[in-house]
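Commentary on secondary and tertiary structure
Given next are the chains, with one letter for each unit.
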Amino acid sequence: MNLKTKRLLPLIIAANALLCFITAACTSTTEQNGPDPRKDFLEELVTYQIRPIYSELATTTATLTSLSKVLCAEITEENLSSVQSAWKFSRRIWKRAEVFSFGPVKEYPWRIGPKIDLWPVRPDEIEETLMKRPWADTNDLSLATGFSVGFPAIEYLIHPTKTSSTGEILNRLRKDSTRCVYLSLLAEDLEKKLIKLSDAWDPAGDNFADELINPNRDKALFKDMDSTFAEVTNQVGYTIENMREIKIAKPAGYGSGSPDPTLVESRISGNSIEDLRMNLEGIKAVYQGTYLKGQKKGLQALVPSAKSSVNNKILKNIETVEEKLNALTSPLGDAITAHPEQVEALFDALTGLQRAFQVDLLTLLGVTVGFNDTDGD
């Protein structure tokens, strides 16, 4: 597939959606007089995946907070390694949850996502925050800017860069107590925000779960099952699009012609490929029903047996993306310059998966592809 064809994929998807609208060619598999299977799908998704994954995140970030305090009490390589491991563990779960970047993640009054994971990391802004110490009067990070909080800021403080070492990270923490204060506050802030995100879905909290599962005209966001189902399924497509366009094409310079590895996600920790792998795991979970709390039906159960070719195509494309991810043995930032052919192969595989999902599956399910408003951060 040539570069021109790759860049035309959004137009192909948009044209397909327009054709669907004009000709009424899209026939929903859910048109029936009985119970709506889309609601069953959403109930299982919320109960067995969304709520458990956010609850798990709240727990794992509590561990990160605790270990950060241990590190600051005794700055050793072993304690730093424990914090790094805890960061990566929470990061894996967060990336699996990226497919649920709707509702409390992006909507007001919550809009928690940008306060958790605004990337790419900006070292200059983090160093400026260290200098200004916006927590001095409040003892929290409420006055800190978006790029100086969340996963990327913690990543910067605990991981060495290509030009530094673990020893240098430890020396900075020992020589400047401000860095440890900042690290502890960052971990606490992340934990609080993920508790808030978990509570937003909890029936005992803001109960966004009911907003999604039981839409009606009186609800704030979703007025009917068509709109709520479209939100969830479109987000899967957006996640694939973000993987290929923002996380690969942009730093690889496919649009600009100039590769820029500084735009890579999790570039300091070298966790970029794992981030992508966990994104894919999140997509697989929604489609195949491989939920955190048990195997359920998943989105593929809504594909009629007469259209099994669509299901097979999606599964095959998922398998291909996995193969290309596994072929990348170096961090994405390095691979962009050292192994561009492997990066391009992954991009192509994601292009195939996006087309299979947004053109073939969503058309089959009667869902119009919406506008992806992700700005790349």
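Residues numbered from 1 in each chain as written. Predicted model: local features only at pLDDT ≥ 70, side-chain atom pairs only at ≥ 80, totals over all residues. Heavy atoms only, no water.

**Here we look at the overall build of the protein chain**
The condition is simple: Numbering of helices and strands runs from the N terminus; a helix is a DSSP stretch of H or I covering at least four residues, while a strand is a stretch of E covering at least two. Radius of gyration means the value over C-alpha atoms here, while the globule rule gives 2.2 Å times the residue count to the 0.38 power. The classification of residues rests on relative accessible area computed with a 1.4 Å probe and restricted to protein chains. Under 20% of the type maximum is buried, over 50% is exposed, and intermediate values are partly exposed. Residue contacts follow a heavy-atom distance rule, with two residues in contact if any of their heavy atoms lie within 4.5 Å. We get accessible surface area from the Shrake-Rupley algorithm with a probe of 1.4 Å; when it comes to residues, only the shown protein chains can shield them. Counting rule for charge: Lys and Arg are taken as positive, Asp and Glu as negative, and neither His nor the chain ends is counted. Charge placement uses NZ in Lys and CZ in Arg. For Asp and Glu, CG and CD serve respectively.
Looking only at helices and strands, the protein chain has 14 helices and 2 strands in total. Taken over C-alpha atoms, the radius of gyration comes to 21 Å for the protein chain, in line with the 21 Å a tight globule of 377 residues would show. Overall, the C-alpha framework of the protein chain stretches about 65 × 50 × 30 Å when taken along its three principal axes. Evaluated residue by residue, the protein chain yields a buried proportion of 51% over its 377 residues. Partitioning the intrachain contacts of the protein chain with sequence separation of at least 6 by distance along the chain shows that 76% fall at a separation of at least 24. Surface accessibility of the protein chain: about 16600 Å² in total, with carbon and sulfur atoms responsible for 50%. Across the protein chain, the 43 positively charged side chains and the 51 negatively charged ones have centroids separated by 2 Å.

**Comments concerning the pattern of salt bridges**
Rules: Salt-bridge detection follows one rule: a side-chain nitrogen of Lys or Arg within 4 Å of a carboxyl oxygen of Asp or Glu.
Evaluated as defined, the whole model comprises 25 salt bridges. Of the charged contacts in the structure, one is a salt bridge between K106 and E231, with a shortest N-O distance of 3.9 Å. Here the residue K106 occupies a position in the loop between α4 (77–96) and α5 (123–132), and E231 occupies one in helix α10 (residues 225–252), the gap between them amounting to 125 residues. K106 gets classed as partly exposed once you look at its relative accessible area, which sits at 22%. For D334, the salt bridge is made with K162, and the minimal N-O distance between the two is 2.2 Å. Taken as a pair, D334 in helix α13 (residues 332–338) and K162 in the loop between α6 (150–158) and α7 (166–175) lie far apart in primary sequence, 172 residues in all. Put simply, R91, K95, E98, D117, K247, E265 and D275 are held in one network by salt bridges that share partners.

**Points about the packing of aromatic side chains**
The condition is simple: Centre distance within 6.5 Å is the pairing criterion for rings of Phe, Tyr and Trp, where only the six-membered ring of Trp is used; planes under 30 degrees apart are then read as stacked, over 60 as edge-to-face, and the remainder as tilted. Placement of a charge over a ring requires the Lys NZ or Arg CZ to be within 6 Å of the ring centre, with the centre-to-atom vector within 35 degrees of the ring normal.
What the rule picks out here adds up to 11 aromatic pairs. Between W201 and F208, the ring centres sit 4.9 Å apart and the planes meet at 80 degrees, which makes this aromatic pair edge-to-face. The same class applies to W201 as to F208, namely buried. Above the ring of Y48, the side-chain terminus of K296 is found at 4.2 Å from the ring centroid.

**Topic: the state of the cysteines**
Worth spelling out the cut-off: Note that a disulfide, as used here, is simply two cysteine sulfur atoms within 2.5 Å.
Enumeration over the complete set of coordinates arrives at 1 disulfide. There is a disulfide in this structure between C72 and C180, and the S-S distance comes to 2.3 Å. Linking C72 and C180, the disulfide has an S-S dihedral of approximately -100 degrees and is accordingly described as left-handed. One end of the pair, C72, is in helix α3 (residues 37–73); the other, C180, is in helix α8 (residues 177–201), and 108 residues separate them in sequence. A residue is classified by how much of its surface remains accessible, and C180, at 8% relative accessible area, is buried.

**A word on the nonpolar core**
Here is the rule we go by: Put simply, buried Ala, Val, Leu, Ile, Met, Phe, Trp, Tyr and Cys residues joined by side-chain atoms within 4.5 Å make one nonpolar core.
With 104 residues, the main nonpolar core has Y54 and W201 as its most contacted residues. In this view, W201 contacts V46, I50, R51, Y54, F102, P104, N207, F208, A209 and L212; residues no more than four positions away in its chain are not counted.

**Describing α8**
Counting along an α-helix, one turn takes 3.6 residues, and residues three or four places apart therefore face a common direction. Here is the rule we go by: Helix span, as expected, comes to 1.5 Å for every residue beyond the first.
Between its terminal C-alpha atoms α8 stretches 37 Å, which fits the 36 Å expected from 25 residues at 1.5 Å a residue. Burial analysis of α8 places 18 of its 25 residues in the buried class, which makes it a mostly covered element.

**Considerations on unusual backbone geometry**
Geometrically, the link from Y108 to P109 is a cis peptide bond, its omega value of 15 degrees lying close to zero. Within the secondary structure, P109 is located in the loop between α4 and α5. We note that S266 has phi near 50 degrees; this positive angle belongs to a residue other than glycine. The residue S266 is located in the loop between α10 and α11 (272–288) in this model.

**Overview of the side chain of R38**
Put simply, the test is: Contacts described as polar in this section are N or O atom pairs within 3.5 Å, which, within protein, must combine one atom able to donate a hydrogen with one able to accept it, while residues neighboring in sequence count only if both atoms come from side chains.
Here R38 lies in helix α3. A relative accessible area of 9% means that R38 is categorised as buried. Here D36 takes part through its side chain, which lies 2.8 Å from a polar atom of the side chain of R38.

**Here we look at α7**
Where we set the bar: Here, the arc refers to the directions that run from the helix axis to the C-beta atoms.
By the burial criterion, the buried members of α7 are I169, L170 and L173. Taken end-on, α7 shows its buried residues confined to a sector of 95 degrees, consistent with a single buried face. Where α7 is buried, its residues contact α3, α4, α6 and α8.

**Digging into the packing of helix α12 (residues 308–327) against helix α14 (residues 340–364)**
Here is the rule: Lines fitted to C-alpha atoms define the axes, with helix axes restricted to the stretch in contact, and inter-axis angles between N-to-C directions lie between 0 and 180 degrees. These descriptions rest on fixed angle ranges, namely under 35 degrees for roughly parallel, over 145 for roughly antiparallel, 65 to 115 for roughly perpendicular, and the rest for oblique. By the definition used in this description, the sense in which the near helix is turned from the far one sets the handedness, with an anticlockwise turn below a right angle giving left-handed and a clockwise turn giving right-handed. When residues are grouped by polarity, Ala, Val, Leu, Ile, Met, Phe, Trp, Tyr, Cys and Pro land in nonpolar, Asp, Glu, Lys and Arg in charged, and all others, Gly among them, in polar.
Two elements in contact, α12 and α14, have axes separated by 9 Å at closest approach and are oriented at 160 degrees. Classified by the angle between their axes, α12 and α14 sit roughly antiparallel to one another. Here the hand of the crossing between α12 and α14 comes out left-handed. Residues V310, K313, I314, N317, I318, T320, V321, K324, L325 and A327 of α12 touch α14, and the partners they reach there are Q342, A345, L346, A349, L350, G352, L353, A356, F357, D360, L361 and L364. A breakdown of the residues in the contact of α12 with α14 according to their chemical character gives 15 nonpolar, 4 polar and 3 charged.

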